[in-house]
Amino acid sequence: MNVSLEGRTYVIMGVANKRSIAWGIATSLHKAGARLIFTYASDRFEKPVKELAATLEGQDSLFYECDVTDDEAIETTFAQIKEDVGVIHGLAHCIAFAKKEELKGEFLNTTRDGFLLAHNISAYSLAAVAKAARPLMTEGGSIVTLTYLGGERVVENYNVMGVAKASLDATMRYLANDLGKDGIRVNAISAGPIRTLSAKGVGDFNSILKEIEERAPLRRTVTQEDVGDTAYFLMSDLSRGITGEIIHVDSGYNILG
Ligand code: NDP
Ligand code: KAL
């Protein structure tokens, strides 16, 4: 059994800055000895991602621009990765987006356009990248996505993103069923609230964090490192019997009524 990720290569999608959950995953996998490949949505993020990756000692990362709404970009990205490294052993999908104005008030006001956009970027993209990554995962591997409790229950203001996360969760399970025969596992981490760029501008984020500190069984909020180490577990052989699963890394908040 291999707990070290030495000699393995992982694609990390969704680092925006040092607060990103994807960055927490990158640092955990780096510490375990993995080689990392980063993708970012647009060239606006090329410089910050490269600067961050440069802080990982001894890491010789590769970088690709990949907007997940663009099929051609996904195809080109993974074809290029195949050419550059040959085999990959896993992928972390840390990508979500919904229109800001649809993340408050009533879900009822969601537009068709906003609904499709949220589902396109936050759910369909997992299927699209899994399809493109499969030919590179010839030694088997592990795909991990990030979800949130708002896909299982109604959480105020999460609205269309909650419906997209429900779709992401089901997408993850269907992919796990398809890819299991290739030795590829697919799982989701349901993270508790973490202050990231995506969470910025959310009016009462402080009170959401306070509620976790007061009520969650562990009486603390979770960190990018907590999520990163669970992703490491899911990428490693320690989790070899787990697929199609949602692991809550949320201080136990989800068990409360
Ligand atoms: P970040 O804002 O750091 O990351 C969101 C990422 O989504 C960004 O890197 C952004 O890329 C990427 N993205 C958006 N649109 C596209 C696109 N079209 N193509 C490619 N990438 C795109 O926030 P988080 O780290 O919080 O979010 C990561 C994941 O974690 C998301 O799925 C989120 O729903 C989930 N999550 C977050 C929680 C939290 O409390 N923060 C809790 C539970 C789940 P770019 O910057 O290049 O535009
Ligand atoms: C109930 C919670 C409170 C927050 C409500 C909604 C949060 C939705 C997350 C979603 C991913 C946020 C956005 O799409 C923001 C976007 O409209 C504007 N931001 C950006 O464009 C920035 C620059 C880029 C980097 O962001 C993205 N996403 O591309 C949910 C909380 C408690 C937990 C969270 C934050 C969950 C989650 O899914 O992130």
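Preceding this section is the structure that the text describes.
All of the points below concern the structure found in this document. (Residues numbered from 1 in each chain as written. Chains lettered and ligands numbered in written order. Predicted model: local features only at pLDDT ≥ 70, side-chain atom pairs only at ≥ 80, totals over all residues. Heavy atoms only, no water.)

### A short note on the packing of helix α3 (residues 71–85) against helix α4 (residues 112–133)
Now for step 1: Running from N to C, α3 and α4 point in directions that differ by 35°, and their axes come no closer than 9 Å. As α3 packs across α4, the resulting crossing turns out to be right-handed. Residue-level contacts link Asp71, Ile74 and Phe78 of α3 to Tyr124, Ala128, Val129, Ala132 and Ala133 of α4.
Now for step 2: Split into classes, the residues belonging to the contact of α3 with α4 amount to seven nonpolar, no polar and one charged. (Axes fitted to C-alpha atoms, helices over the stretch in contact; angles between N-to-C directions. Helix = DSSP H or I, 4+ residues; strand = E, 2+ residues; numbered from the N terminus. Left-handed = near helix turned anticlockwise from the far one by under 90°. Contact = heavy atoms within 4.5 Å. Nonpolar A, V, L, I, M, F, W, Y, C, P; charged D, E, K, R; others polar.)

### Let's talk about the site of ligand 2
Now for step 1: Residues in close proximity to ligand 2 total 19 residues, the closest being Ala96, Phe97, Ala98, Tyr158 and Ser198.
Now for step 2: Contacts to ligand 2 include Ala96, whose backbone N or O atom sits 2.8 Å from a nitrogen atom.
Now for step 3: Tyr158 places a side-chain nitrogen or oxygen 2.5 Å from an oxygen atom of ligand 2.
Now for step 4: In isolation ligand 2 has 810 Å² of accessible area, and contact with the protein removes 81% of it.
Now for step 5: Taken together, the residues that form the shell around ligand 2 break down as 14 nonpolar, two polar and three charged. (Near = heavy atom within 4 Å. Polar contact = N/O pair within 3.5 Å; in protein donor to acceptor, adjacent residues only side chain to side chain. Areas by Shrake-Rupley, 256 points an atom, 1.4 Å probe, with all protein chains shown as cover.)

### So, the site of ligand 1
Now for step 1: Around ligand 1, 26 residues are found, and the nearest of them are Ser20, Ile21, Ile194, Thr196 and Ser198.
Now for step 2: Between Ser20 and ligand 1, the recorded distance is 2.6 Å, taken from a side-chain N or O atom to an oxygen atom.
Now for step 3: Looking at the shell around ligand 1 residue by residue, the class counts come to 17 nonpolar, seven polar and two charged.

### Structural notes on a nonpolar patch on the surface
Now for step 1: Taken together, the side chains of Phe107, Phe115, Leu116 and Val163 define a hydrophobic patch exposed on the protein surface, amounting to about 320 Å² of accessible area.
Now for step 2: Mapped onto the secondary structure, Phe107 falls in the loop between β4 (90–93) and α4. (Patch = residues over 30% accessible without salt bridge, like charges linked within 9 Å, V, L, I, M, F, W, Y side chains within 5 Å. Salt bridge = Lys/Arg side-chain N within 4 Å of Asp/Glu carboxyl O.)

### Some thoughts on unusual backbone geometry
Now for step 1: Backbone geometry places Asn159, a non-glycine residue, at a positive phi of 45°.
Now for step 2: Inspection of the secondary structure puts Asn159 in helix α5 (residues 159–179).
Now for step 3: In this structure, Ser251 takes a positive phi of about 60° despite not being glycine.
Now for step 4: With respect to the secondary-structure elements, Ser251 resides in the segment after β7 (246–249).
Now for step 5: Take Ser251: its relative accessible area is 5%, and that puts it in the buried class. (Buried < 20%, exposed > 50% of the residue type's maximum accessible area, 1.4 Å probe, protein only.)

### A closer look at a negative patch on the surface
Now for step 1: Taken together, Asp43, Glu65, Asp67, Asp70, Asp71, Glu72 and Glu75 make up a surface patch of like negative charges.
Now for step 2: As for its placement among the helices and strands, Glu72 is situated in helix α3. (Lys, Arg positive; Asp, Glu negative; His and termini not counted. Charge placed at Lys NZ, Arg CZ, Asp CG, Glu CD.)

### Observations concerning the pattern of salt bridges
If charged atoms from side chains of opposite charge come close, those side chains can pair.
Now for step 1: Counted according to the given criterion, the structure contains eight salt bridges.
Now for step 2: Note that Glu46 and Lys50 form a salt bridge whose closest N and O atoms lie 2.8 Å from each other. Taken together, the residues Glu46 and Lys50, both in helix α2 (residues 46–53) and four residues apart, mark about one turn of the helix.
Now for step 3: With its nearest N and O atoms 2.9 Å apart, the salt bridge here joins Arg215 to Glu211. With Arg215 and Glu211 both in helix α6 (residues 205–215) and four residues apart, the pair spans about one turn of that helix.

### Brief notes about the pairing of β4
Now for step 1: With burial as the criterion, each face of β4 is covered, one bearing Gly90 and Ala92 and the other bearing Leu91 and His93.
Now for step 2: Bridge count between strand β1 (residues 9–13) and β4: four bridges; the pairing is parallel. Opposite Met13, over in β4, you have His93 as the bridge partner.
Now for step 3: Relative to strand β5 (residues 141–147), β4 runs parallel, the two being bridged by four bridges. Residue pairing for β5: His93 is matched across the bridge by Thr145. (Pairing = 2+ DSSP bridges.)

### Details of α2
Now for step 1: Turning to α2, its buried residues number three or more, namely Val49, Leu52 and Ala53. One side of α2 carries all its buried residues, which in axial view fall inside an arc of 95°.
Now for step 2: Buried residues in α2 make contact with α1 (21–31), β2 (35–40) and β3 (62–65). (Arc of directions from axis to C-beta.)

### Structural notes on the packing of aromatic side chains
Now for step 1: Applying the stated rule across the entire model yields three aromatic pairs.
Now for step 2: Considering the side-chain rings of Trp23 and Phe38, the 6.2 Å spacing of their centres and the 35° angle between planes classify their relative orientation as tilted. Remark: Phe38 occurs in strand β2 and Trp23 occurs in helix α1; sequence separation between them is 15 residues.
Now for step 3: The exposure class of Phe38 is buried, given its relative accessible area of 1%.
Now for step 4: Taking 4.8 Å as the distance between ring centres and 65° as the angle between the ring planes, the aromatic pair formed by Tyr148 and Tyr158 counts as edge-to-face. In this pair, Tyr148 is assigned in the loop between β5 and α5 and Tyr158 in the loop between β5 and α5, connecting sequence segments ten residues apart. Both residues of the pair, Tyr148 and Tyr158, belong to the buried class.
Now for step 5: An aromatic cluster is present here, built from Trp23, Phe38 and Phe63 joined pairwise through their rings. (Phe/Tyr/Trp six-rings, centres within 6.5 Å; stacked < 30°, edge-to-face > 60°.)

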